[in-house]
Amino acid sequence: MVKSSSLRTILLSPRGGISAIVLLVVMICAVFAPLIAPYAYDIQSLRDANLNPSWKNWMGTDEFGRDLLSRMIYGARTSLSVALTAISISVAIGMSLGATAAYFGGAFDRLVTAAVDLTWSFPEILIALILIAIIGPGLNSTMIAISIAYLAQFTRLTRVQIMALKSETYVEATRSLGAGHAHIIFRHLLPNALTPVIVAGMLATGDAIILEATLGFFGLGAQPPTPSWGAMMSSGTAQIFIAPWIIIFPGLAIAITVIAINLFGDAVIDVLDIRRQLRDS
Amino acid sequence: MRYTAKAMLLSGSALLSAGLLSLAPSASAMAQEAIFVMPARDVGAPSYNPILGTRLNAATTLIFDRMVIQDADQSFHGQLATSWETSADGLTWTFKLRPNVKFHDGEPFNAATIVWWLPKFLGTENAFMTDAIDKVDVIDNLTVKFTMKNPDPNMLFNMASSFMGIPSPKSFDQLGDKFGVTGAVGTGPFKLESFVVGQQTVLVRNEAYNSASDLSVNQGPAKLKKITLREIAEDSTAFLELKTGGVDMLLSVPTDFLPRLSSEKGTKVVTLPGTEVYYVAINTSVEPFTDIKVREAMAFAINQKEILASLFGGVGEEAHTFLISGLAEAKVDPKLLIAYDPARSRKALDEAGWVMSSDGVRAKAGTRLQVKLWTQSGTEFKRITEVVQAQLKAVGIGTDITAFDAATITAQYRKKTEHQLAVRVYSWANADILDWFFAGKRAGHPNHSMWVNATSEALNEKAMKGSRTWDERVANFRAYHENLLSQFVFAPIYQPVQNFAYSQARITMPATVRGTRLQSQTIVDIEKK
Amino acid sequence: MANFLIKRLVLLIPVFLVVSVIIFMIIHLVPGDPIDNIVQIGSTPQQKAALTAKYGLDKPLIVQYAIWFGKLMTGDLGEAIILRQPVSSLIAQNLPHSLILGSLALAFSTVVGIATGALAAIRRDSWVDRTVMAVILLGSTVPSFWLGLLMILVFAVHLGWFPVSGARSWSALVLPVLTIGLGGVALVARVTRVAMMDISRRDFVMMLHAKGVPPWRINLQHILRHALLPVVTILSLRIGWILGGAVTIEYVFARPGLGSLLITSLNQRDYPVVQGCLLMLAIAVMLGTLLGDVVQALIDPRVRERTG
């Protein structure tokens, strides 16, 4: 898919380079949280609740006297892993669904298309809230809910790609050589349709981070003491007058991360010149 | 009163039932019209039906009068009854009714109303309040006599409950299921003009009001002409509305807002004794809490003092029993009080065979002491629960928190074996709440502790049905309470105070609040500046 | 055109049937039931069963569905179990709030989005383009509840320009409209900008330039007009958002609306209300998609031929 020369072009462009650095920093925080965080995320010290940012606690402390910077770093881990896992699941299922629907056509295709059309324009937040009501609150439920909320998008995108590829001669040729359906779909069609879907998935990861935060705001995501940026903002709402930084820092973290994802995605789109494919779906 | 208790038991979601408002023209600036914000816990209360309702909101006492009301000093004052007496054996009660009282629909209030009204409770959830009354007889147009099945020392307390607001028989029968939704007719100082559940209730003055108790200065119609009661789910939003002048009064303010409110100029906070207790329900029917030692360890691991000091700035009280401290039944043998004692907690766990492991969570025969800790959505719940989690961890009990909405958690409780520990709150100023939460017949919900025990049942039965006088009732309930404390079926945490806040610039509040809550007897005296 | 419309409408009928089944099944999958919320505590299983029977919840799901759907065909959405009101009147109380908030937010994001997107496209790769797109990007990448809270803090509390919450006056609409609208601006502006840049590379634009038509006229009259097609498509797909997607904002600003009604009822397991709300949303989404197609067909006849 992305050739190394393209990658170099992306990284050398100003927005691609800067956003890549930002994303790298966030990912390092997420992966190496226990090594980077100055304190444990769950050790309470009620005497030190709601402290202003200081040298000791760079971002201050929360309502339980926990170091906010440490929770932000661990929060990156939760928020990113939820968003990435959810979107990966969504992309995987969406691609298989979209590809099979497009490849086989007929009633199955019509069914998938109808379902996709309907849920695609349904607010993701409502889909997620209803799903969590069914399966109960928690991190795993959040992941499942988010992945289902975005399923339509990837199914649709893949389907359009495959539809275009299906009629090309090499598919016919492979088919006449006696290749099975699975072989054609997974070895020949999907790899060619992969790039736009992966890029769309990357962009959707940004939206998924925001959706996770919103679910966290409603208290449905990560359960205490696990920090996620959304859950941190949820408890920060009640403290907004005495300790506004509790809600401001996670909000900024989300904004910066999502902007970086968007810019990087834009750079990729421009370099690979796949904007039309993404939009037409 | 019980409505908040029921609110916690049965409410729809506290978090997601967003406070809603209709697009009505702004009326805040007009004379003698005030906007109040209902307690967040009352948001979404579906009806103003005092007989069938399980959740009644703070406006209920403005629409319906009761026979009697209770003052802060526990004394009873007549509202629709002017006097009452009971026979020496406690088996009859005679009430004289207030003359010339009319319902909002013009129907007269008299002895016939009472005869119609009391039997309506049969078969409803609120039936236990009138359970002891065998029959009601009309002595004359304004006198009724209750004949009792057994003496009920709690009679007047029950009569003073919000659920004892008397509706107009005609409207009640006419509206049927819809009474309290599309209309609500009582004799109270305000008439229901409109009610949109989850959004707002508009009340207008009852110009013919003449049944104020001697607790109110104002004996005629209320000073305020119109009250709009908004429902706002998020406490911070309500607070900002008061701060910016969008509303005149918040009927309830969370304790952790007090430091901020007291620094607001022009805002006055009034604090009344609390009727709530936060506690952890312990499911005694599932491992590891079938072992009384583990329950003991759990109960004594909770640091009430730390929670009071750091989460609530010292406002309120530590809870060491199940009942609010003002009740005589809460004065138990000091040896039975449950107060933070980490050494006792660790010792109990050691004795039960749970050994500390390197990760800070105890284990026994390969099983970790890791349990479910449930809580409900809402800031105070979550804050208390997170601290409880840390405190339990300190003695080696690991917990996994899940915050549920109210309907889901109730459904889960009813399964009886899904829950282990649950942080809860109730609001009720009478010892009979023990029966509510620990009677074997209610195991699952609301007996979340799943406590079914012959000794306790006998003590409960004696307290509920076998008390002839108030003193006897106190002694019996105290014995039942001590029995429950000795079995560690729950762990007490915190007893908040009630706070309400108003704008001094816009509202004149009477010097003292009459009664155990801010209700009609005080609100009729409130004036807009 | 009429032919096209009829065909599309007929196609919606089976979709509607399937949707009604899904909506009905979804709510019954949620653990707990409304009877749990109204049954007496400590009542016997028989009493609970009687109550369940009263609301018809004891029948097999398929029968319950048939009853519900039958009523639906006569325009009856049923009666709320917890809220004890006709579902239609509950929706009537809430829908106008959603419509007003949603359409104003949509109008705001359309007008501002097209304007900024066009500006950025015309001044492509200049500092104007970069600044506009950066600001817009920021608006769409912060969680809306966060933006809403900050707006309340700044404009309602510190500056005192607008009410904090509620829906009691028109001024109370400003902050929620801005909060939702800003998210949409980004989307519209990006689509507009990209579409305009695409079209400006087409042959007919080159020809117009060669003919000496003034650049502003080319930009506004020719390029922008063609660029509206993808914008309209995107917007018509957002009709579902208008009605239901504002639930977070409704919560933050304590406003009524269809989303809030849905979530409240979902939490109380008030089946008829949830079904009614979801149905309304689904119909809106279907009509929105149809509307998008119709507008596309009007602007671009080729669409009509393809589908028709």
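Description of the structure in this document. (Residues numbered from 1 in each chain as written. Chains lettered and ligands numbered in written order. Predicted model: local features only at pLDDT ≥ 70, side-chain atom pairs only at ≥ 80, totals over all residues. Heavy atoms only, no water.)

1. Describing the environment of B:Phe163
As for its position among the elements, B:Phe163 is in the loop between α4 (155–159) and α5 (169–175). Note: C-alpha distance between B:Phe163 and B:Ala58 (105 residues apart in sequence) is 12 Å. (Helix = DSSP H or I, 4+ residues; strand = E, 2+ residues; numbered from the N terminus.)

2. A short note on the packing of aromatic side chains
With the rule as written, the count across this model stands at 36 aromatic pairs over all chains. Taking the centre distance of 5.6 Å and the plane angle of 35° together, the rings of C:Phe24 and C:Trp68 count as tilted. In this pair, C:Phe24 is assigned in helix α1 (residues 2–29) and C:Trp68 in helix α4 (residues 61–73), connecting sequence segments 44 residues apart. By relative accessible area, C:Phe24 is classed as buried at 2%. Residue C:Trp68 is classed as buried on the basis of its relative accessible area, which comes to 8%. Joined through ring pairs, the aromatic side chains of B:Tyr279, B:Phe322, B:Tyr426, B:Phe437, B:Phe438 and B:Phe490 make up one cluster. The positively charged end of B:Arg344 is found above the aromatic ring belonging to B:Phe300, 3.9 Å away from the centroid. (Phe/Tyr/Trp six-rings, centres within 6.5 Å; stacked < 30°, edge-to-face > 60°. Buried < 20%, exposed > 50% of the residue type's maximum accessible area, 1.4 Å probe, protein only. Lys NZ or Arg CZ within 6 Å of the ring centre and 35° of its normal.)

3. Here's the deal with the nonpolar core
Membership of the largest hydrophobic core comes to 234 residues, with the highest contact counts inside it found for B:Phe36, B:Met67, B:Ile114, B:Trp117 and B:Phe146. Among the elements that take part in this core, helix α10 (residues 181–217) of chain A stands out by supplying 17 residues, more than any other. In this view, B:Phe36 contacts B:Leu224, B:Ile227, B:Thr228, B:Leu229, B:Arg230, B:Met249, B:Leu251, B:Ile507, B:Ile523 and B:Ile526; residues no more than four positions away in its chain are not counted. In this structure, B:Met298, B:Ile302, B:Trp428 and B:Ile433 belong to the second largest nonpolar core, which totals 68 residues. (Core = buried A, V, L, I, M, F, W, Y, C linked by side-chain atoms within 4.5 Å. Contact = heavy atoms within 4.5 Å.)

4. Topic: the interface of chain C and chain A
Facing the 37 residues of chain C at the interface are 36 residues of chain A. When the two sides are added together, the surface that chain C and chain A hide from each other amounts to roughly 3,300 Å², 81% of it contributed by carbon and sulfur. Summed over the three residues of chain C that lose the most area to chain A, namely C:Thr141, C:Phe145 and C:Trp146, the buried surface amounts to 18% of that side. In this assembly, chain C and chain A are joined by one salt bridge. (Buried area = accessible area lost by both parts, 1.4 Å probe. Salt bridge = Lys/Arg side-chain N within 4 Å of Asp/Glu carboxyl O.)

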